[in-house]
Amino acid sequence: LCVPAVPVLFKQALENTDVEEGKSVSLRCELTKADATVVWKKGGATLQASAKYEMKQKGTVAELVIHNAEPEDA
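Residues numbered from 1 in each chain as written. Predicted model: local features only at pLDDT ≥ 70, side-chain atom pairs only at ≥ 80, totals over all residues. Heavy atoms only, no water.

An unreviewed UniProt entry lists the protein chain under the name OBSCN protein, from Irena cyanogastra. Heading Subcellular location (unreviewed entry) of the UniProt record for the protein chain holds this comment: "Cytoplasm". (UniProt positions renumbered as here; feature names shortened; annotations may be inferred.)

1. Some thoughts on the pairing of strand 5 (residues 53-58)
Here six bridges tie strand 5 to strand 6 (residues 61-66), and the two strands are oriented antiparallel to one another. Paired with Met55 across the two strands is Leu64, which belongs to strand 6. Between strand 5 and strand 6, which pair antiparallel and follow one another directly, the connecting turn spans two residues, one of which, Gly59, has a positive phi of 60°. (Pairing = 2+ DSSP bridges. Helix = DSSP H or I, 4+ residues; strand = E, 2+ residues; numbered from the N terminus.)

2. Side note on the pairing of strand 6
The buried fraction of strand 6 amounts to five of the six residues, a majority that puts the element mostly inside the structure. Two strands pair when backbone bridges link them, and strand 2 (residues 25-31) and strand 6 are joined in this way by six bridges, in the antiparallel orientation. Bridging across to strand 6, Cys29 finds its partner in Ala62. (Buried < 20%, exposed > 50% of the residue type's maximum accessible area, 1.4 Å probe, protein only.)

3. What about the confidence of the model for the protein chain?
Mean pLDDT for the protein chain: 89, with 93% of residues reaching 70 or above. When mean pLDDT is taken per element in the protein chain, strand 5 scores highest with 95 and strand 1 (residues 10-12) scores lowest with 85. (pLDDT = per-residue confidence, 0-100.)

4. Describing the side chain of Asp73
When you line up the elements, Asp73 lands in the segment after strand 6. For Asp73, a relative accessible area of 17% translates into the label buried. Among the polar contacts made by the side chain of Asp73, one reaches the side chain of Tyr53 at a distance of 3.4 Å. Aside from chain neighbours lying at most four places away, what touches Asp73 is Lys42, Lys52, Tyr53, Ile66 and Asn68. (Polar contact = N/O pair within 3.5 Å; in protein donor to acceptor, adjacent residues only side chain to side chain. Contact = heavy atoms within 4.5 Å.)

5. Here we look at the environment of Glu70
Mapped onto the secondary structure, Glu70 falls in the segment after strand 6. Take Glu70: its relative accessible area is 37%, and that puts it in the partly exposed class. Along the primary structure Glu70 and Ser50 are separated by 20 residues, whereas in three dimensions their C-alpha atoms are 15 Å apart. For Glu70, the contacting residues outside a window of four places in its chain are Glu21 and Lys52.

Now the structure itself:
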């Protein structure tokens, strides 16, 4: 018996967020499936965890924290 995989969808998509330059900002999205693999991208580039970018995931909520935000992070 073959059961097709259920696709992971966004229950809550990202929202535009304003932040003061030099501050931290948190971007969150909610998925329909817990612990799904999430890849954060800016344009075509995949973001990697670093002192600037912090990725968190708990259950169905994925979060990207951008530290020391700059205009280039838009």
